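Descriptive analysis of the structure
Listed here are the chains, written in short residue letters.
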Amino acid sequence: MKNIITILLITLTSFTSFSQNKAKNLLNEVSTKVKSYKNISINFKYILENTSENIRQETRGDVVLQGEKYKLNILGVTRLFDGKTLYSISPEDEEISISSNNDEDENSITPSKMLSFYEEGYTYAMDIVQNIKGRKIQLVKLTPIDSDSEINYILLGIDTQTKHIYNLITIGKNGTKTILTVNSFKTNAPLSKTLFTFDANKYKDYYVNNLD
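Residues numbered from 1 in each chain as written. Predicted model: local features only at pLDDT ≥ 70, side-chain atom pairs only at ≥ 80, totals over all residues. Heavy atoms only, no water.

Turning to the sheet that holds strand S1 (residues 40-50), a few remarks are in order. On the basis of which strands lie adjacent, the open sheet formed by 12 strands has the order S7-S8-S9-S10-S11-S1-S2-S3-S4-S5-S6-S12 and mixed pairing. Each having just a single partner strand, strand S7 (122-132) and strand S12 (207-210) make up the two edges of the open sheet. For this sheet, the mean inter-axis angle between neighbouring strands, taken without regard to orientation, is 20°. Here 9 bridges tie S7 to strand S8 (residues 135-144), and the two strands are oriented antiparallel to one another. Residue pairing for S8: Thr-123 is matched across the bridge by Thr-143. (Pairing = 2+ DSSP bridges. Helix = DSSP H or I, 4+ residues; strand = E, 2+ residues; numbered from the N terminus. Axes fitted to C-alpha atoms, helices over the stretch in contact; angles between N-to-C directions.)

Pasting the structure below:
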């Protein structure tokens, strides 16, 4: 009996190690592919659910990424980060919030690290494979190393052919589930030189809120 248990433990350990290595290799391929692009333009769908609180919100957005810089449009607000300063522009409220970028919250997946956040702070394991509209999507389960993290785990869906991220499913410890699904993924498009530059002249009548 003891020998059977030992064999089972060795088998499980070997399988776990193999799964971790396979997952890490796949994520490395994704990271290498992403970093090879000059810029990335993404259209996405975002869903937030909490069944216990009877909450379900669905919205669409788009983001352009170039290194650390990004321009994100979601929920009627434009978030513009030029590499140093973050501008949140709300036409509805005619208000602009300005702050230095703050990535100190490890639970926050900002646009600039949306495609690379998994590179540290998580353990990896291969999960199921899904066939979505003829595309083979491999899910990788990421579990935060920090036990105090508000995230229970993350499922990262990767298109096995293109090595692009297809979706990002985050399960919170409070029961909240968020799903970000990439509808279109374009790379190396010609961008305006001023795309990530904030032009105060366009918002002369806006109230400016300096958060720093």
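With that out of the way, let us pick up the pairing of strand S5 (residues 85-90). The buried fraction of S5 amounts to 5 of the 6 residues, a majority that puts the element mostly inside the structure. Note that strand S4 (residues 77-81) and S5 share 4 bridges and pair antiparallel. When the bridges of S5 are listed, Thr-78 appears paired with Ile-89. What sits between the antiparallel neighbours S4 and S5 is a turn of 3 residues, in which Gly-83 has the positive phi angle 105°. As paired strands, S5 and strand S6 (residues 95-100) are joined by 6 bridges and run antiparallel to one another. Within S6, the residue paired with Ser-90 across the bridge is Glu-95. Counting the residues that bridge the hairpin from S5 to S6 gives 4 residues, and of these Glu-94 lies at a positive phi of roughly 50°. (Buried < 20%, exposed > 50% of the residue type's maximum accessible area, 1.4 Å probe, protein only.)

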